[in-house]
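Descriptive structure summary
Listed below are the residues making up each chain.
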Amino acid sequence: MSTIARSQTRPARALPDYLPARMINEFVYCPRLFYYEQVQGVFVESADTIEGSVQHRRVDKEGGAAPAPDAGSEEPVIARSITLSSEKHKVIAKLDLAEFTEGSVVPVDYKHGRPMSVQDGYEPWPADRVQLAVQALVLRANGYTCEEGIVFYAKSRQRVRVVFDDVVIGEAERAIEDAWRAAASDQLPPPLIDSPKCPGCSLVGICLPDETWNLQAQRLQSATRQLELFEVLPETVGGRCPHRWSRDYW
């Protein structure tokens, strides 16, 4: 390989062994936010992140060890702050709380906000649903039965149930694959467009979504004006081009 070729070859970026479930949450919420935090290591505290950290400190207390998947105890066992991983999906999850009963587990994930209002009641936000489903994948990978989970929204004190059917699990698996693909890419994902998520994001001053899209629009307009400077040849008539430099004038 020549010296020039070697100098232009960029070293491969080292990828983590596992992606945390909370980073899959970030990816579903905003791929660009995921890239800033997971790939570039950029993180800025906000009122929401601080409030969330305080909430998790209250939950992150020892509450018993997780029983083995084949444990036959009929009495529920509550475990807090347990960390498990999945080799198949290369993800790792720290469970806020999980209730174990005869090898079956119900994970409970604590969020500081409120659930999403829908016509029939309430649902978890898509990113929260995916994060909980990733926890289910991790639990299943470690031999547990996990058919449902709970997202607890602290602000409204509401528990929202999530059933881990094929649709929800498939959604989580696709999010994991897409997040790994983004983590391996050298391309920063584009910002969201006119999203209500952006004003409250702690990285909005770094991401600059409106400014980025405005700059892209200006470049597109400039390119369009450049093309308009070129003469457009009229359509041919009878198979002949009426331009003065056509073959009929040679």
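So, a few notes on the structure that sits alongside this text. Since the structure is predicted, the reported quantities are computational estimates derived from the model, not experimental observations. (Residues numbered from 1 in each chain as written. Predicted model: local features only at pLDDT ≥ 70, side-chain atom pairs only at ≥ 80, totals over all residues. Heavy atoms only, no water.)

Here's the deal with the pairing of strand E8 (residues 158-163)
As paired strands, strand E7 (residues 148-153) and E8 are joined by six bridges and run antiparallel to one another. Residue pairing across strands places Gly149 opposite Val162, the latter belonging to E8. Count of turn residues in the E7/E8 antiparallel hairpin: four residues, of which Arg157 carries a positive phi of about 55°. (Pairing = 2+ DSSP bridges. Helix = DSSP H or I, 4+ residues; strand = E, 2+ residues; numbered from the N terminus.)

Some details on the pairing of strand E2 (residues 77-86)
Note that E2 and strand E3 (residues 91-101) share nine bridges and pair antiparallel. Bridge pairing links Thr83 to Lys94 in E3. Between E2 and E3, which pair antiparallel in sequence order, lie four residues; one of them, Lys90, sits at a positive phi of approximately 55°.

Remarks on unusual backbone geometry
Positive phi values are uncommon outside glycine, yet Lys90 reaches one of about 55°. One can find Lys90 in the loop between E2 and E3. Among the residues examined, Lys90 registers a relative accessible area of 33% and is labelled partly exposed. The phi torsion at Leu208 lies on the positive side, around 50°, for a residue other than glycine. Structurally, Leu208 is set in the loop between helix H7 (204-207) and helix H8 (209-228). (Buried < 20%, exposed > 50% of the residue type's maximum accessible area, 1.4 Å probe, protein only.)

Looking at helix H5 (residues 126-141)
Since the α-helix packs 3.6 residues into each turn, any two residues three or four apart lie on the same face. Helix length check: H5, at 16 residues, gives a terminal C-alpha distance of 22 Å against a target of 22 Å (1.5 Å per residue), a fit within 8%. With 13 of its 16 residues buried, H5 lies for the most part within the structure. (Expected span 1.5 Å × (residues − 1).)

Brief notes about the nonpolar core
Looking at soluble globular proteins, one finds that nonpolar side chains tend to be buried together. Formed by 39 residues in total, the largest nonpolar core has its most connected members in Ile24, Phe34, Val134 and Phe164. Elements that contribute at least two residues to this core include exactly helix H2 (21-29), E2, E3, H5, E7, E8 and helix H6 (166-184). By residue number, the principal contributor to this core is H6, which donates nine residues. Judged by nonpolar contacts, the second largest core, of six residues, contains Leu97, Tyr110, Ile150 and Ala154. (Core = buried A, V, L, I, M, F, W, Y, C linked by side-chain atoms within 4.5 Å.)

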